[in-house]
Amino acid sequence: MNQTFSFQRFWTYFKYDLTQMWRNHSKAAILIGGASAIFYVLWVMFSLVFTQEWNTPPISARAVVFVIAFAILELYQVRTYGHLTDKKEGSAWLMIPASRTEKFISMLIVSLVVVPVLFFVVYLLIDGFLSLADPTYGKALVTGFSGAYAQFLNALSQVNNETSIQFTPSSLVFPAVVSYFCNFLYFLLCGICFKRNKLVGAIAILFGLSTVFSLLMGFVMPHVFENWPGDIDVSEDMLRGYLRNTVYIANTISFLIAVALGWGIWYRIKTLQH
Amino acid sequence: MIEISDLQFSYGPKTVLKNISLKASEGNIYGLLGENGVGKTTLLTLLCGLKRPQQGSITVDGRNPFDREPSLLSDQFYLADEVTPVHAKAISFAKEHGVFWPKFDLDKFLTILSELEVSADQRMDAMSAGQLKKTWIAFALACNAKYYYMDEPTNGLDIPSKAQFRKAVTKYTSEDSTLIISTHQVRDLENIIDPIIILDNHEVLVNATMEEISAKLFFDYGTELKADALYLEQTPGGCIQVYPNSTGEESKVNVEAFFNTVHAHKDVIKAMFNL
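Worth saying up front: this structure is predicted, and the values here are computed from it rather than measured.

Before going further, it helps to spend a moment on the sheet that holds strand β3 (residues 29-34) of chain B. Residue and element names in this part refer to chain B. Judged by pairing direction, the sheet is mixed, and its six strands sit side by side in the order β5-β6-β7-β3-β8-β9 without closing on themselves. Pairing within the sheet leaves two strands with one partner each, and these edge strands are β5 (76-79) and β9 (203-208). Neighbouring strand axes in the sheet, compared pairwise and without regard to direction, differ in orientation by 15° on average. Inspection of the sheet shows strand β8 (residues 196-200) paired to β9 by five bridges, in the antiparallel sense. The partner of Asp 200 across the bridge, within β9, is Glu 203.

What follows is the structure, given as structure tokens:
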């Protein structure tokens, strides 16, 4: 018997993991995914009460609600596997005959792929249904996304023409994807590390880290730029170089952070004791 | 075969287990006894791999439990004192969980559950503590594991259920299965546990079979008091006395009296059992 990874055992465990995920978190996922419907009902209700008119939320407000719902989904990652720190549930989970590698991979697939896809599907389906059911609601968000992407490509082309910095869509999409992984992995890791006050702990650490980095930058930047924080004398060539390097460094750092967070989750699973 | 060698475990500055060494052979139902806080649960969680030994080693058939290898995990079952209420019907829980244990038998689960008078269609998160415990017991026994670690399995069970538990354990575990059962309810289990391990602060006081205990100690249920009794307990209509067995005569071991004898005369008993 392979003690590290077996496809058959992994598939058995993955199906089990999905079942547990659905059983324990489907209500919350549907609630977050249904934020558009909740927002729609509240908007129409308040509009009827205060203006006696049937008004539906504008596309800008709907986009903001979508972003907020997605942010809540990110924060919710502290709960998806948060039960592992509970003595009873965590012990039962550790004693399931599957390897830690299989449990880790399943956890990543569920958290990074299944839960977000479920959210997108539920959210966009409900939004699309509202768009079909109420003509005053406007276009479905999913059609807005394709328009937004076309606008993004146009803007990118303009920047490339004006500054001669050749950004490709992938060079900007990559950091967005890695950043998404980082956020989900970070809250997932905090969920399986903190026994209590998981969300507060996760946010407190983020706050602490950003404070430390701000202080660090405040110390470093005056040594890089002479007139910092006043006017900085930077030539266009220098600016291009800085931008290229910044994107490259930011991508590399984000990727390394994502890998470190993934390793942290694996290590936590390996060393978890009850 | 379970082998523990010079095991040590502490919670911060408080040492719970120190230089613990013992062997548990296959096909026995070990009773793990000890006062509160001596480390019975800790020992069980170390044996099943929920904790890592800080010093010393544990091997189960030559494997380290803390590696949590699937082959060992599917050979064992840890039944915690407090079990988790799964958000599902008992039958669904058994079907979903059972697939990980190669020898899991769903029919056996349903039979044991029925004998324990719990409905398989009942949701586990709506069960009483006793029903929940019985469902987990039925599941554990249906896994047909080789090693069982049970922490206070009769806690929360009513009087008939304790008898049903004893019956289920003897009926539904195979002859080569090894069970280590930690309990304070010695009267609930004294008819099925053999050998007995008694833990004290940091050490194993006794690891002996009933036959060995009976060969070295005599349990007298008569009324005539003995001068060399190590332990004496008044009972309605008589008393229980425990004294060294100098005649070789056999007697029925009273586990509770034995436990109290051990605690009252640790050094004598350790010398007697060569520990």
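Next, the rest of the story.
Here the focus is the nonpolar core. One finds Phe77(B), Tyr149(B), Ile213(B) and Phe258(B) to be the most contacted residues of the largest nonpolar core, which totals 145 residues. No other element matches helix α7 (residues 169-193) of chain A, which puts 11 residues into this core. Apart from the residues within four sequence positions on either side, Tyr149(B) is in contact with Ile2(B), Leu44(B), Leu47(B), Cys48(B), Val60(B), Gln76(B), Phe77(B), Tyr78(B), Leu79(B) and Ile180(B).

Scored by pLDDT, chain B comes out at a mean of 94, with 100% of its residues at no less than 70. Model confidence for the complex: the whole-complex pTM is 0.90, and ipTM, which rates the interface, is 0.93.

In this section: the interface of chain A and chain B. The interface is formed by 27 residues belonging to chain A together with 29 residues belonging to chain B. Note on chain A versus chain B: buried area summed over both sides is about 2400 Å², and carbon and sulfur give 62% of it. Among the salt bridges present, the one from Glu96(B) reaches Arg23(A), with a minimum N-O distance of 2.7 Å. Where chain A meets chain B, there are 12 residue pairs in polar contact (both at pLDDT 80 or more). Breaking the side of chain A that touches chain B down by element, the ones donating at least two residues are α1 (7-33), α4 (87-94) and α9 (236-271) of chain A. Top element by residues in the side of chain A that touches chain B is α1(A). It accounts for eight residues. Across the side of chain A that touches chain B, the residue classes break down as 11 nonpolar, 10 polar and six charged.

With that settled, the discussion passes to helix α2 (residues 35-51) of chain A. Helical periodicity: at 3.6 residues per turn, an α-helix aligns residues three or four positions apart in one direction. Residue and element names in this part refer to chain A. Helix length check: α2 (17 residues) gives 23 Å between terminal C-alpha atoms against 24 Å at 1.5 Å per residue, within 8%. Every buried residue belonging to α2 is among Ala 35, Ser 36, Tyr 40, Val 44 and Ser 47, and all of these are buried. The buried side chains of α2 occupy one side of the element, clustering within an arc of 155° when seen end-on. For α2, exposure combined with an orientation more than 90 degrees from the buried face picks out Val 49 and Phe 50. Against the buried residues of α2 lie α1, α3 (59-80) and α5 (100-133). Within two residues after α2, Gln 52 carries a phi angle of roughly 55°, on the positive side.

Another point: the packing of aromatic side chains. Residues and elements named next belong to chain A. Applying the stated rule across the entire model yields 35 aromatic pairs over all chains. Ring geometry for Phe 46 versus Phe 50: centroids 6.0 Å apart, planes at 10°, classification stacked. Here the residue Phe 46 and the residue Phe 50 both occupy positions in helix α2, the gap between them amounting to four residues, near one helical turn. Judged by relative accessible area, which is 47%, Phe 46 ranks as partly exposed. Judged by its relative accessible area of 61%, Phe 50 is exposed. Taking NZ or CZ as reference, Lys 103 lies 4.9 Å from the ring centre of Trp 93, over its face.

What follows concerns helix α1 (residues 40-48) of chain B. All names here are of chain B. Most of α1 sits inside the fold, with eight of its nine residues counted as buried. All buried positions along α1 are accounted for by Lys 40, Thr 42, Leu 43, Leu 44, Thr 45, Leu 46, Leu 47 and Cys 48. In the stretch just after α1, Gly 49 is the one whose phi turns positive, near 95°.

All names here are of chain B. We note that the domain assignment places domain 1 (2-206) and domain 2 (209-272) within chain B. Distance from the C-alpha centre of domain 1 to the C-alpha centre of domain 2: 29 Å. Each side of the interface is counted separately: domain 1 has 17 residues, and domain 2 has 16 residues. Summed over both sides, the interface between domain 1 and domain 2 buries roughly 1400 Å², with carbon and sulfur atoms accounting for 66% of that surface. Its largest share of buried area at the contact with domain 2, domain 1 owes to Glu 190, Ile 196 and Leu 205, together 32% of the area lost on that side. Where domain 1 packs against domain 2, one counts three salt bridges. A salt bridge links Asp 200 to Lys 266, with the shortest nitrogen-to-oxygen separation between them at 2.8 Å. Taken together, the links from domain 1 to domain 2 amount to six residue pairs in polar contact (both at pLDDT 80 or more). For the side of domain 1 that touches domain 2, the secondary structure elements donating two or more residues are β3, α7 (186-189), β8 and β9. Class assignment of the residues belonging to the side of domain 1 that touches domain 2 gives a composition of nine nonpolar, two polar and six charged.

Rules of the game
- Residues numbered from 1 in each chain as written.
- Chains lettered and ligands numbered in written order.
- Predicted model: local features only at pLDDT ≥ 70, side-chain atom pairs only at ≥ 80, totals over all residues.
- Heavy atoms only, no water.
- Pairing = 2+ DSSP bridges.
- Helix = DSSP H or I, 4+ residues; strand = E, 2+ residues; numbered from the N terminus.
- Axes fitted to C-alpha atoms, helices over the stretch in contact; angles between N-to-C directions.
- Core = buried A, V, L, I, M, F, W, Y, C linked by side-chain atoms within 4.5 Å.
- Buried < 20%, exposed > 50% of the residue type's maximum accessible area, 1.4 Å probe, protein only.
- Contact = heavy atoms within 4.5 Å.
- pLDDT = per-residue confidence, 0-100.
- Buried area = accessible area lost by both parts, 1.4 Å probe.
- Salt bridge = Lys/Arg side-chain N within 4 Å of Asp/Glu carboxyl O.
- Polar contact = N/O pair within 3.5 Å; in protein donor to acceptor, adjacent residues only side chain to side chain.
- Nonpolar A, V, L, I, M, F, W, Y, C, P; charged D, E, K, R; others polar.
- Expected span 1.5 Å × (residues − 1).
- Arc of directions from axis to C-beta.
- Phe/Tyr/Trp six-rings, centres within 6.5 Å; stacked < 30°, edge-to-face > 60°.
- Lys NZ or Arg CZ within 6 Å of the ring centre and 35° of its normal.
- Domains from an automatic or database assignment.

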